Amino acid sequence: SSRLYPMWEAKMIPEGVVGIGDCIIRQNPRYGTGVTLTVKMVLLLMEILARGGTIIEFYQELEKLSAFTWGLVSGADQQQIDFADPLNAKKKSLKERFQTAFFAWILVQSGRSWDVARVFYGVSNYELDPKELSKFLGRFVLDSLKALFS
C-alpha cells in the first residue's frame, strides 16, 4: 500500500539527515513508480544543494514534484471513503471532489483503453506532465453525464 510521510510539514529536521525514497513516499509497487521517484529525489537534492539550498527547500520542492502523482497512484482518497458520503462532499471542496472522481475514472479507464493507460503510467512514472491527462476530461464529463441520466 502507499504511504506518505510529509517531511515538508516537520517542525524540526535533524541536521545531517535527509530522507530519500520510501522513507518519505512509499507508493504501491503495482505502478512501478518507487525507483523513478527516488532517482528524481536524488537529482532534485543534488540540484538544490549545488545552488546552496537547504534540506527544507528540498522537502518543499519535493512536495510540489510529487503532489499530483501521489494522489493519482496512491488512491489516498479512496482509502478514506465514507460510504454515506462517497465523495466527502461535506469535507472537500468542489475541486477536490472533481479530482477524486476524475482519478477514479482514469484508474478504471486505464484498464479498458491503451491510450488512457499509456498516459496514466507515463504520469505516474513521472515521465509525462500531469497536464497530459486533461485530454481525457471531455470523455470523463460525457461518461459522468451519461451515468447521471441513465
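This write-up is about the structure you can find in this document. (Residues numbered from 1 in each chain as written. Predicted model: local features only at pLDDT ≥ 70, side-chain atom pairs only at ≥ 80, totals over all residues. Heavy atoms only, no water.)

Looking now at the overall build of the chain. What the chain contains, in helices and strands, is 5 helices and 2 strands. Each helix (α) and strand (β) of the chain, taken in turn from the N terminus, gives the series β-β-α-α-α-α-α. The burial tally for the chain puts 34% of its 150 residues in the buried class. The contacts of the chain with a sequence gap of at least 6 include a subset with a gap of at least 24, amounting to 56%. A total of about 9,400 Å² of accessible surface is found on the chain, and carbon and sulfur atoms cover 60% of it. (Helix = DSSP H or I, 4+ residues; strand = E, 2+ residues; numbered from the N terminus. Buried < 20%, exposed > 50% of the residue type's maximum accessible area, 1.4 Å probe, protein only. Contact = heavy atoms within 4.5 Å. Areas by Shrake-Rupley, 256 points an atom, 1.4 Å probe, with all protein chains shown as cover.)

Turning our attention to the nonpolar core. In terms of nonpolar packing, the biggest core is built from 14 residues, with Trp8, Ile24, Ile25, Met41, Phe58, Tyr59 and Leu62 touching the most fellow members. Breaking this core down by element, the ones donating at least two residues are α1 (34–50) and α2 (55–74). Broken down by element, this core gets its largest block of residues, 5 residues, from α1. Each residue touching isoleucine 25, except ones within four places of it in the same chain, is listed here: Arg3, Leu4, Trp8, Leu37, Met41, Ser66 and Trp70. (Core = buried A, V, L, I, M, F, W, Y, C linked by side-chain atoms within 4.5 Å.)

The next point concerns the environment of glutamate 47. Tracing the chain through its elements places glutamate 47 in helix α1. Between the alpha carbons of glutamate 47 and phenylalanine 58 there is a distance of 9.1 Å; along the sequence they are 11 residues apart.

Moving on, we come to the packing of helix α3 (residues 94–110) against helix α5 (residues 137–148). Direction vectors running N to C along α3 and α5 enclose 100 degrees, while the axes themselves pass 11 Å from each other. Judged by the angle between their axes, α3 and α5 are roughly perpendicular. For the pair α3 and α5, contact is made by Phe98, Ala101, Phe102, Trp105 and Gln109 and by Leu137, Arg139, Phe140 and Asp143, respectively. Residue composition of the contact of α3 with α5, grouped by class: 6 nonpolar, 1 polar and 2 charged. (Axes fitted to C-alpha atoms, helices over the stretch in contact; angles between N-to-C directions. Parallel < 35°, antiparallel > 145°, perpendicular 65-115°, else oblique. Nonpolar A, V, L, I, M, F, W, Y, C, P; charged D, E, K, R; others polar.)

Here we take up the packing of α3 against helix α4 (residues 114–124). Interhelical geometry of α3 versus α4 gives an angle of 120 degrees and a closest axis separation of 8 Å. One finds that α3 runs oblique with respect to α4. The two elements α3 and α4 meet at a crossing, and its hand is left-handed. Contacts between α3 and α4 involve Ile106, Leu107, Gln109 and Ser110 from the first element and Val116, Ala117 and Phe120 from the second. (Left-handed = near helix turned anticlockwise from the far one by under 90°.)

Turning next to the environment of valine 123. Within the fold, valine 123 resides in helix α4. Along the primary structure valine 123 and threonine 69 are separated by 54 residues, whereas in three dimensions their C-alpha atoms are 6.8 Å apart.

Here we come to the side chain of serine 110. As for its placement among the helices and strands, serine 110 is situated in helix α3. Residues contacting serine 110, with those up to four places away along its chain left out, are Val116, Ala117 and Phe120.

Our next topic: the pattern of salt bridges. Where charged atoms from two side chains of opposite charge come close, those side chains can pair. Across all of its chains, the model carries 4 salt bridges by this definition. A salt bridge links aspartate 115 to arginine 118; the nearest nitrogen and oxygen atoms lie 3.5 Å apart. Of this pair, aspartate 115 and arginine 118 both sit in helix α4, 3 residues apart, which is roughly one turn of that helix. Overall, aspartate 115 belongs to the partly exposed group, its relative accessible area being 33%. Taken together, the shared-partner salt bridges connect Glu47, Arg51 and Glu57 into one network. (Salt bridge = Lys/Arg side-chain N within 4 Å of Asp/Glu carboxyl O.)

Looking now at a nonpolar patch on the surface. Among the surface-exposed residues, Phe98, Leu137, Val141, Leu145, Leu148 and Phe149 lie close enough to one another that they form a single nonpolar patch of about 600 Å² accessible area. When residues of the nonpolar patch are assigned to their parent elements, the largest contribution, 4 residues, is made by α5. Checked against the element boundaries, valine 141 lands in helix α5. (Patch = residues over 30% accessible without salt bridge, like charges linked within 9 Å, V, L, I, M, F, W, Y side chains within 5 Å.)

Without other data, these values stay purely geometric and don't point to any function.
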